[in-house]
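# A closer look at the structure
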Amino acid sequence: MTDSLSSNSSFDSASISAADQNVVRSQRSGDGGQMLASVTSRRWRDIFWLAVFMLHLIVLGCGLVVLGLNRFKKTDRLNIDRYTARFMEHHSGLTENYWPIYAVAGGVGTVLGCTWLLLLGSHANEMLKVSVHILTTYLAVDSVLCFWGDQFFWGVVFATGAAFQFLYVISVIDRLPFTMLVLRKAVKMVLSLPEVMRVAYAFMLVMLLWLGLWSFGAAGVVASSMGDGGRWWLLVVLSVSLFWIGAVLCNAVHVIVSGMVFLVLIHGGREASSIPPNSLMNSLRYAVTTSFGSICYGSLFTAAIRTLRWEIRGVRSKIGKNECLLCCVDFLFHLVETLVRFFNKYAYVQIAVNGKGFNHSARDAWELFQSTGVEALVAYDCSGAVLLMGTLLGGLVTGTCSGVWTWIKWRDRVSMVGSTTMLVGMVLVGLAMVVVESAVTSIYICYAEDPLLIHRWDPEFFDQMSEMLHHRLQYRSARAREVLTHNRRLDGHIQQTPPA
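Residues numbered from 1 in each chain as written. Predicted model: local features only at pLDDT ≥ 70, side-chain atom pairs only at ≥ 80, totals over all residues. Heavy atoms only, no water.

### Let's talk about the overall build of the chain
Let me state the cut-off plainly: Secondary structure counts use DSSP, requiring at least four H or I residues in a row for a helix and at least two E residues in a row for a strand, with both numbered from the N terminus. We call two residues contacting when some pair of their heavy atoms lies within 4.5 Å. In this description, accessible areas are obtained by the Shrake-Rupley approach with a 1.4 Å probe, and a residue is regarded as covered only by the protein chains that are shown.
When you go through the chain residue by residue, the secondary structure sums to 21 helices and zero strands. Here the contacts in the chain between residues at least 6 apart in sequence split such that 81% fall between residues at least 24 apart. Of the roughly 22,700 Å² of accessible surface on the chain, 66% is carried by carbon and sulfur atoms.

See the structure below:
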């Protein structure tokens, strides 16, 4: 254990040295141009996952049509439902009774997402603060409403979520000023690229088209008179599928925006004559063709691993000197860190720039951060968590609107409709949030590749990032030395203690 801590201490010192070298090394615009030039010879990556995703879409699409038609009024008239009568009972409800509720959910989610994008320039800071501070209150209020409406399970879920949200915000409260700084600069970058906003709107439209079919099938499941267990299992399967599809679309936007931001930083500004023509269309084409398999693959795992990592980091920073608990949390932390090496959101920038496979891109991005010391800055930043809070808040508002309507008309279906429409809202709002998150990831990758790229774009921001990086690396080295000293004393005490 002592040897391992010694290596960690030497690594931290090496990281400080590497970071200092990064600040003074020369600009590598030529290297960036060389990386971007490689897109002309891109190969298809992660084709297996592309095939799995497309097959899943076809099978699911057919299943959604069957599920929706099974409880559709016109279907009863045509007696088409006799083919599914062996699996489901009838005359409990109709698809068209619940389908309008999902339409309202799609409308509310779209309005929230579009409003977020429209207010991005004038009230971005206020909106980000609202996302952080209002979410806990909203979860608590939803919990009270669920208990009042005899929805005990969901009351416990929302109460637990409110508690975890409160504890997480308390654990990272000192990081929020730097996080807000990074998010403001990311918003500044996005506003200089209005075309990427149009990409987000276009993908929201694509998501709405798919939601029209998905909600048709989901409404058929809710309307069916099969047992609650069967309906819930079907809704869970449909929700997992929707989550994957939503994540794929979000990460496709991520790749497109990352490619544009990287180009702007490499070439020194949006108006630079050296930026290749039709760069947005090229980024879009690669995202939906050669790199689409990598996007499908990464979308399966990255969201869950990121969320788990944020929670473990928040708990780990507040444990103190409870060595037993710290040992358990450290085990989970190192396990998650190993997964992060192969599944992280920074891979999408590498995919946009180099067209590599997902695991290769994730590993390259993480090794770049580790070798330059920028990983300490990335770990300190909570921008992804703050944007996720905004996404959750949008989903909760959407689910509440739909749940209230369902409560008025069909109280026994409120939990099914409310939970699924909440996911619909999260997917639509997430498509708006991902534009800013893409800019954040690109800024960190560019800072690790060549800090002078950030200096040329915003000198004041460069100074603030460099100062924070220096502070975080010093903190890590001091903490490693403290732990090393403590363990040496413990080892000496054990050696001096005579055996029983």
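### A closer look at the packing of helix H18 (residues 383-409) against helix H19 (residues 414-449)
The test is simple: The angle between two axes is taken between their N-to-C directions and runs from 0 to 180 degrees, where each axis is a line fitted to C-alpha atoms and a helix contributes only its stretch in contact. Should an angle lie under 35 degrees it is considered roughly parallel, over 145 roughly antiparallel, and from 65 to 115 roughly perpendicular; all remaining angles are considered oblique. Handedness of a crossing follows from how the near helix is turned relative to the far one, being left-handed for an anticlockwise turn of less than a right angle and right-handed for a clockwise one. Gly counts as polar in this scheme, as do all residues outside two lists: the nonpolar Ala, Val, Leu, Ile, Met, Phe, Trp, Tyr, Cys and Pro, and the charged Asp, Glu, Lys and Arg.
Remark: H18 packs on H19, axes separated minimally by 6 Å, with the N-to-C direction vectors making an angle of 150°. Of the possible angle classes, the one that applies to H18 and H19 is roughly antiparallel. Like other packed secondary-structure pairs, H18 and H19 cross with a definite hand, here right-handed. Along the lines of polarity and charge, the residues of the contact of H18 with H19 split into twelve nonpolar, 15 polar and one charged.

### What to know about the environment of Cys446
Note that Cys446 resides in helix H19. Considering only alpha carbons, one finds Cys446 and Val349, 97 residues apart in sequence, at a separation of 9.6 Å. Setting aside residues up to four positions removed in sequence, Cys446 forms contacts with Phe262, Leu265, Pro451, Leu453 and Ile454.

### A look at the nonpolar core
To keep things clear, this is the line we draw: Working definition of a nonpolar core: buried Ala, Val, Leu, Ile, Met, Phe, Trp, Tyr and Cys residues. They are joined through side-chain atoms within 4.5 Å. Residue exposure (1.4 Å probe, protein chains only): buried if accessible area is under 20% of the type maximum, exposed if over 50%, otherwise partly exposed.
In terms of nonpolar packing, the biggest core is built from 134 residues, with Trp116, Met207, Trp214, Leu242, Phe369, Tyr444 and Ile454 touching the most fellow members. For this core, the element with the most residues is H19, which contributes 22 residues. Among all residues touching Trp116, those that are not within four sequence positions of it are Met127, Leu128, Leu387, Ala432, Met433 and Val436.

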